[in-house]
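Structural description and commentary
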Amino acid sequence: MTATDTRTILSAQSAVTPRAKRNRGDLGFTIWGIAVLVFLFLPIAVVVVYSFNVGRLLTSFTQFGFDSFAAIVSNEVIRSAVLISVQTGFLAALLASVLGTLAGIAMARHPGKWVWWFLVLLLLVSVTPEIVDAVALLPWLVTLGQDWGIGFFNDGIFRLVIGHSLFSIAVVSYLVRARLIGLDAQLEEASADLYAPPLTTFRRVTLPLAMPAVLAGFLLSFTLSLDNTVIAAFVSVAGSTPWPVYILGAVRTGLRPEIAAVSTIMLLLTLIALAVVALVLKRAGDSAADIARTMAGG
């Protein structure tokens, strides 16, 4: 019997061998996983569906239409709250990206005992409850703005940007440090050997190497700022009410379909931002596990 005949017989036997039946444990875990996903995402689906409600209240679906989305443009209060949230998110993400990138590069390229102390500070910022940050920020900003007379600390947008960027700076620092640690520093050393000034090396070598993590941190910071409610409720001032704080005030009088419409749009923006993060990291060569870790902000 030749080797070809042996392979033919083995393949025929494997074809007629019945598949092992799934045990009850696997079936139970599958059902439980589906139930958890339904429990988590069904409320979001309900909000998206009810955003097309023409009725006066969100909880009473009367007729399908796009009036709630038109109200985002026609209602000045809603339009102002949304624009403030988007503006604050962009500025907070920009500030967090600049400071976090510099911190991440310093930790990756200039290691020492100070790095561990700095990481402890970043970890403290990451795990501190937002209510604690909000309670600490409010009197400090009032002191700087009113008692010390530093005028821009009385500006509502500026106060929101400062509050929203605290956690995001730590996130960007983690991402940039993790990316540069995994890359060899020989390219930067070669640039220095070719008599390139430090600023030129940073602009043409270091920053391009870290750019995927910087962009990912920027987009994550933007999405984190959009739903930052606790700090925004404490530090916001009259005339600069962001969208989450507006929703808190609207709950007392009844939720309207316009709130669901804006929430749907912000959900879409968040998903687009996360998709761009995944695409950038994938093109940078990150694995699926690395992308998932980045999407979780770790």
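Keep in mind it's a predicted model, so treat the numbers as computed, not measured. (Residues numbered from 1 in each chain as written. Predicted model: local features only at pLDDT ≥ 70, side-chain atom pairs only at ≥ 80, totals over all residues. Heavy atoms only, no water.)

1. Observations regarding helix α5 (residues 113-127)
- With 15 residues, α5 ought to run about 21 Å at 1.5 Å a step, and its terminal C-alpha atoms sit 22 Å apart, in line with that.
- In the core, the buried residues of α5 are packed alongside α4 (76-109) and α7 (156-181). (Helix = DSSP H or I, 4+ residues; strand = E, 2+ residues; numbered from the N terminus. Expected span 1.5 Å × (residues − 1). Contact = heavy atoms within 4.5 Å.)

2. Some words on the packing of aromatic side chains
- This model, assessed by the stated rule, comprises 11 aromatic pairs.
- Arranged with centres 5.6 Å apart and planes meeting at 80 degrees, the rings of Phe-64 and Phe-66 form a pair that is edge-to-face. Like Phe-66, Phe-64 is exposed.
- Taken together, a centroid distance of 5.0 Å and an interplanar angle of 35 degrees make the contact between Phe-152 and Phe-153 tilted.
- Given a relative accessible area of 47%, Phe-152 falls into the partly exposed group.
- For Phe-153, a relative accessible area of 14% translates into the label buried. (Phe/Tyr/Trp six-rings, centres within 6.5 Å; stacked < 30°, edge-to-face > 60°. Buried < 20%, exposed > 50% of the residue type's maximum accessible area, 1.4 Å probe, protein only.)

3. Some details on the packing of α4 against α5
- With their axes 10 Å apart at the nearest point, α4 and α5 run at an angle of 145 degrees to one another. The handedness of the crossing between α4 and α5 comes out as left-handed. Residue-level inspection shows Ala-103, Ala-106 and Met-107 of α4 in contact with α5, the latter providing Trp-114, Val-115, Phe-118, Leu-119 and Leu-122.
- Looking at the contact of α4 with α5 residue by residue, the classes come out as eight nonpolar, no polar and no charged. (Axes fitted to C-alpha atoms, helices over the stretch in contact; angles between N-to-C directions. Left-handed = near helix turned anticlockwise from the far one by under 90°. Nonpolar A, V, L, I, M, F, W, Y, C, P; charged D, E, K, R; others polar.)

4. Observations regarding helix α9 (residues 198-226)
- In a regular helix each residue adds 1.5 Å, so 29 residues correspond to 42 Å; α9 covers only 36 Å between its end C-alpha atoms and thus falls short of that length.
- The largest bend in α9 is about 55 degrees, located at Met-211, with the proline Pro-212 one to four residues further on. (Bend = angle between axes of the 7 residues up to and from the residue.)

5. Description of a nonpolar patch on the surface
- Taken together, the side chains of Trp-32, Val-36, Leu-37, Phe-39, Leu-40, Phe-41 and Ile-44 define a hydrophobic patch exposed on the protein surface, amounting to about 780 Å² of accessible area.
- Locating Leu-37 in the fold gives a position in helix α2 (residues 24-50). (Patch = residues over 30% accessible without salt bridge, like charges linked within 9 Å, V, L, I, M, F, W, Y side chains within 5 Å. Areas by Shrake-Rupley, 256 points an atom, 1.4 Å probe, with all protein chains shown as cover. Salt bridge = Lys/Arg side-chain N within 4 Å of Asp/Glu carboxyl O.)

6. Quick look at the packing of α7 against α9
- With their axes 9 Å apart at the nearest point, α7 and α9 run at an angle of 150 degrees to one another. The orientation of α7 with respect to α9, classified from their angle, is roughly antiparallel. Relative to α9, the crossing made by α7 is right-handed. On α9, the residues touching His-164, Phe-167, Ser-168, Val-171, Val-172, Leu-175, Val-176, Arg-179 and Leu-180 of α7 are Thr-206, Leu-209, Ala-210, Pro-212, Ala-213, Val-214, Ala-216, Gly-217, Leu-220, Ser-221, Leu-224 and Ser-225.
- In terms of residue class, the contact of α7 with α9 is made up of 14 nonpolar, six polar and one charged. (Parallel < 35°, antiparallel > 145°, perpendicular 65-115°, else oblique.)

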